[in-house]
Amino acid sequence: MRMEFNRLVLVKRYLWGSLLVAIIPLALMAGLYDRYSSYLHDKLIVERIDGDLQTAIVKMQGFLDTQIYHLENLADLPEIGDFLVSGKTHSASPQLTDFFYLITNGQDVYGAEFFDVEGQLVHSIPTRSALTPLNTYHKLPLVKTKTVDILGPIPPENGKPGWFVIRKDVIRLGEKIGSIVLKVRLTSLTEQASLLYRDGVYQPFLNTASKASYSVLGTKEVPGSVITTSTALLPGWTISLHSYGKDLADPRLYIRYLLLIFVALSAFGIVALFVHMSERLAHLISPLNEGARSIANGDFSVRVSEDGPGEIRSLAKSFNEMSSRLNSLIHTRVDSERRTAL
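All of these numbers come straight from a predicted model, not from anything done at the bench.

1. Remarks on the nonpolar core
In this structure, Phe114, Phe164 and Ile166 are the most contacted members of the largest nonpolar core, which totals 44 residues. Here this core takes eleven residues from helix H2 (residues 9–76), the largest share from any one element. One finds Phe115, Tyr137, Leu151 and Val181 within the second-largest nonpolar core, a separate group that totals nine residues.

Structure below.
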């Protein structure tokens with residue numbers, strides 16, 4: 001059968017041509033889809049990360065603006081001058097004390113401290129922390145803004161939480177008479193970026209002007225490779241995303257592998273289908289070929305099966321009809337020649 005099939009050059013060309021026509025568009029479609037999906041995947045990830053970064057920056061800026069607003073309210077109180085001018089009695093009225101505690105009595109602020117023009121601590125309001133008040137902050141990293149100074153941060157150590165300082169000078173009649181600081185919980189700021197955290201993929205870090213990086217838990221860590229960095233939250237302060245563990249391209253590679261497997265299975269299925277069709281066509285054509293040889297050898301009584309599908313059945317019927325007519329014609333001619341001879 002295979003020897004006969006090997007002679008069916010036209011059938012082979014037709015089948016293999018049809019196979020190429022089926023596989024080439026499939027491969028092109030798979031390649032174009034993979035390229036488009038990769039572009040779309042990268043674009044969506046970049047847009048999502050940029051949107052989340054901007055959201056985190058806005059939340060952090062809102063948190064800082066709230067604390068600065070509280071600090072400015074303290075600095076604008078008329079009675080604050082009595083705490084800061086040297087020689088005055090450092091006592092507050094019950095109403096003023098209640099206002100101090102109203103501003104500082106929250107989980108985000110550990111306390112408020114008041115310094116005179118010489119930098120000496122004249123008053124403090126501790127709330128939730130046993131942090132030792134610092135009389136000077138000159139050793140802390142300093143970032144200046146238009147209205148306040150940001151000092152720190154100080155990472156958690158010895159079981160104490162991390163914090164940073166917001167400081168504002170108190171001005172009266174155009175002269176500095178002292179300053180007020182708020183000790184702010186560091187985690188309250190860093191946790192604003194928690195929406196950027198993706199377990200096993202990437203995590204955000206708060207980068208300060210002192211080149212230190214802090215996780216969303218407020219701990220000082222050494223981050224991995226940088227994916228992207230936000231705009232400045234404060235001068236020298238940014239949020240950056242660092243990858244670790246899985247790659248961002250893992251989902252895309254997974255889809256790509258599935259696509260390649262699908263294309264390979266489809267190509268294998270098409271090849272198997274065409275090979276089966278070729279074998280079946282050879283099996284159906286082989287009796288016709290054998291019948292034609294028998295007729296060429298003078299056997300006009302040969303018949304082929306008419307059980308084939310469609311055109312093969314019609315061809316088999318036509319072949320049998322031709323064989324019958326040839327057989328009848330030959331017998332008629334032989335009989336005529338016999339009679340003529342007699």
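2. Brief notes about the pattern of salt bridges
Inspection of the entire model under this criterion finds seven salt bridges. The network of salt bridges with shared partners includes Arg48, Asp52 and Arg198.

3. What to know about unusual backbone geometry
Backbone torsion omega between Gly152 and Pro153 reads 5°, so that peptide bond is classified as cis. Examined against the element boundaries, Pro153 turns out to sit in strand S4 (residues 149–154). A positive phi angle, near 55°, is found at Leu173, a position not held by glycine. Structurally, Leu173 is set in the loop between strand S5 (163–172) and strand S6 (175–185). Assessed through its relative accessible area of 90%, Leu173 is described here as exposed. Positive phi values are uncommon outside glycine, yet Lys211 reaches one of about 70°. Along the chain, Lys211 falls in the loop between strand S7 (202–207) and strand S8 (213–214).

4. Remarks on the packing of aromatic side chains
Tallied over the full model, the rule gives one aromatic pair. Where Phe164 meets Trp237, the ring centres are 6.3 Å apart and the plane angle is 65°; that geometry is what we call edge-to-face. Here Phe164 is found in strand S5, whereas its partner Trp237 is found in the loop between strand S9 (225–229) and strand S10 (238–243), with 73 residues between them in sequence. Here the two residues Phe164 and Trp237 agree in accessibility, since each one is buried. One cation-aromatic arrangement involves Lys183 over Trp163; the distance from NZ or CZ to the ring centre is 4.9 Å.

Rules used in this analysis
- Residues numbered from 1 in each chain as written.
- Predicted model: local features only at pLDDT ≥ 70, side-chain atom pairs only at ≥ 80, totals over all residues.
- Heavy atoms only, no water.
- Core = buried A, V, L, I, M, F, W, Y, C linked by side-chain atoms within 4.5 Å.
- Buried < 20%, exposed > 50% of the residue type's maximum accessible area, 1.4 Å probe, protein only.
- Helix = DSSP H or I, 4+ residues; strand = E, 2+ residues; numbered from the N terminus.
- Salt bridge = Lys/Arg side-chain N within 4 Å of Asp/Glu carboxyl O.
- Phe/Tyr/Trp six-rings, centres within 6.5 Å; stacked < 30°, edge-to-face > 60°.
- Lys NZ or Arg CZ within 6 Å of the ring centre and 35° of its normal.

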